[in-house]
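Commentary on secondary and tertiary structure
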Amino acid sequence: MLERLVAKIPFLRSIDRLGFDHGGDRYGYVEDDTFGVINREQRVDRWVRTTCGYCSVGCGMYVGVRDDRIVATKGDPDHPVNRGRLCPKGLAEHLPIHAPGRLRHPTIGGREADWDDAIDQMLAGFARAVEEHGPDAVAIIGTGQLLTEEFYAL
């Protein structure tokens, strides 16, 4: 119908150039068994229930996995903390996982290292700092991004 109007009314021929086109042809949607209609870029093989790791609120969320890669996040509507809502950080939590340049293994001196070696070196550094400067030389800044059990282990 829009095409017929554009053909009949010359002013409408400039709609695209004026920025009035919503670009709907660039988007596609698919039906998802869990969340209904979603953007086709967020279609998934499965949803995995988890907790958002950005702050201490502990929002419930689902991460969408396709081809063993996280491609989407959605708020968990049954979670009592956030009732399906996510802040901008939670909505985009899946994006940094695949960011170029993201470390995927520990490094020592800029080279890939074994986890045990990296942890041993970190512990030796803490021990050296305490030995040289006393127990007040080491502190931890809590950001709220760790769960209770992780804080306990730390």
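Residues numbered from 1 in each chain as written. Predicted model: local features only at pLDDT ≥ 70, side-chain atom pairs only at ≥ 80, totals over all residues. Heavy atoms only, no water.

Focus on the pairing of strand β2 (residues 36–39)
The following threshold applies: Two strands pair under a simple rule: DSSP has to find at least two bridges between them. Numbering of helices and strands runs from the N terminus, with a helix taken as a DSSP run of H or I at least four residues long and a strand as a DSSP run of E at least two residues long.
Here strand β1 (residues 29–32) runs beside β2; their pairing, made up of four bridges, is antiparallel. Bridged to D32 within β2 is G36. Taking the residues that link successive antiparallel strands as the turn, the β1-β2 hairpin has three residues.

Some points on the sheet that holds strand β3 (residues 46–51)
Our working definition: Structural elements are reduced to axes, namely lines fitted to C-alpha atoms, with helices fitted over the stretch in contact, and the angle between N-to-C directions of any two is expressed from 0 to 180 degrees.
One open sheet holds the three strands; their spatial order is β3-β4-β5, and the pairing between them is antiparallel. Single-partner strands in this sheet number two, and they are β3 and β5 (69–75). Each strand of the sheet is rotated relative to its neighbour by a mean of 30°, with strand direction disregarded. Where strand β4 (residues 60–66) meets β5, six bridges bridge the pair, whose relative direction is antiparallel. Following the sheet pairing, R66 is matched in β5 by R69.

Overview of the side chain of N82
Let me state the cut-off plainly: Burial classes follow relative accessibility: with a 1.4 Å probe on protein chains only, a residue under 20% of its type's maximum area counts as buried, one over 50% as exposed, and anything between as partly exposed. Two N or O atoms count as a polar contact when they lie within 3.5 Å, although within protein this holds only if one can serve as hydrogen donor and the other as acceptor, and sequence-adjacent residues are included solely when both atoms are side-chain atoms. Contacts were defined at the residue level, with two residues in contact if any of their heavy atoms lie within 4.5 Å.
Checked against the element boundaries, N82 lands in the loop between β5 and α3 (88–91). A residue is classified by how much of its surface remains accessible, and N82, at 5% relative accessible area, is buried. A polar atom in the side chain of N82 sits 3.4 Å from the side chain of H79. A distance of 2.6 Å separates a polar atom in the side chain of N82 from the backbone oxygen of R85. With sequence-adjacent residues up to four places away left out, N82 is seen in contact with C59, G60, G75 and D76.

Observations regarding the environment of Y62
Looking at where Y62 falls in the secondary structure, it is placed in strand β4. Separated by 14 residues in the primary sequence, Y62 and V48 have C-alpha atoms spaced 5.2 Å apart. For Y62, the contacting residues outside a window of four places in its chain are F35, W47, V48, R49, A72, T73, K74, G75, D76 and P77.

A word on helix α4 (residues 115–133)
Rules: Residue count minus one, scaled by 1.5 Å, sets the expected span of a helix.
When the terminal C-alpha atoms of α4 are compared, their 27 Å separation across 19 residues agrees well with the 27 Å that a helix rising 1.5 Å per residue should span. Between the side-chain oxygen of the N-cap and the backbone nitrogen of D116 there are 2.9 Å, and the N-cap of α4 in question is D114. Looking one or two residues beyond α4, the residue adopting positive phi is G134, at roughly 90°.

Remarks on the side chain of D32
Note the following rule: In this charge count, Lys and Arg are treated as positive and Asp and Glu as negative; neither His nor the chain ends contribute. Any Lys or Arg side-chain nitrogen located within 4 Å of an Asp or Glu carboxyl oxygen qualifies as a salt bridge.
By the element assignment, D32 lies in strand β1. Buried and unpaired, D32 has no salt bridge, with K74 as the nearest side chain of opposite charge at 7.6 Å. Separated by 3.0 Å, the side chain of D32 and the backbone nitrogen of T34 make a polar contact. Reaching out from D32, the side chain makes a polar contact with the side chain of W47 at a distance of 3.1 Å. Not counting chain neighbours up to four residues away, the residues in contact with D32 comprise I38, V44 and W47.

Quick word on the state of the cysteines
For clarity, the cut-off: A pair of cysteine sulfur atoms is labelled a disulfide when the two atoms are within 2.5 Å.
Evaluated as defined, the whole model comprises zero disulfides. Unpaired in terms of disulfides, C52 finds its nearest cysteine sulfur in C87, a separation of 6.0 Å.

So, a negative patch on the surface
Filter applied, for reference: Excluding any residue in a salt bridge, patches collect residues exceeding 30% relative accessible area, merging like charges within 9 Å and nonpolar Val, Leu, Ile, Met, Phe, Trp and Tyr side chains within 5 Å. Per-residue and other accessible areas follow the Shrake-Rupley method at a 1.4 Å probe size, with only the shown protein chains counted as cover for residues. For charged residues, the charge sits on one atom: NZ in Lys, CZ in Arg, CG in Asp, CD in Glu.
On the surface, D114, D116, D117 and D120 cluster together into a negatively charged patch. Relative to the assigned elements, D120 resides in helix α4. Owing to a relative accessible area of 48%, D120 belongs among the partly exposed residues under this scheme.

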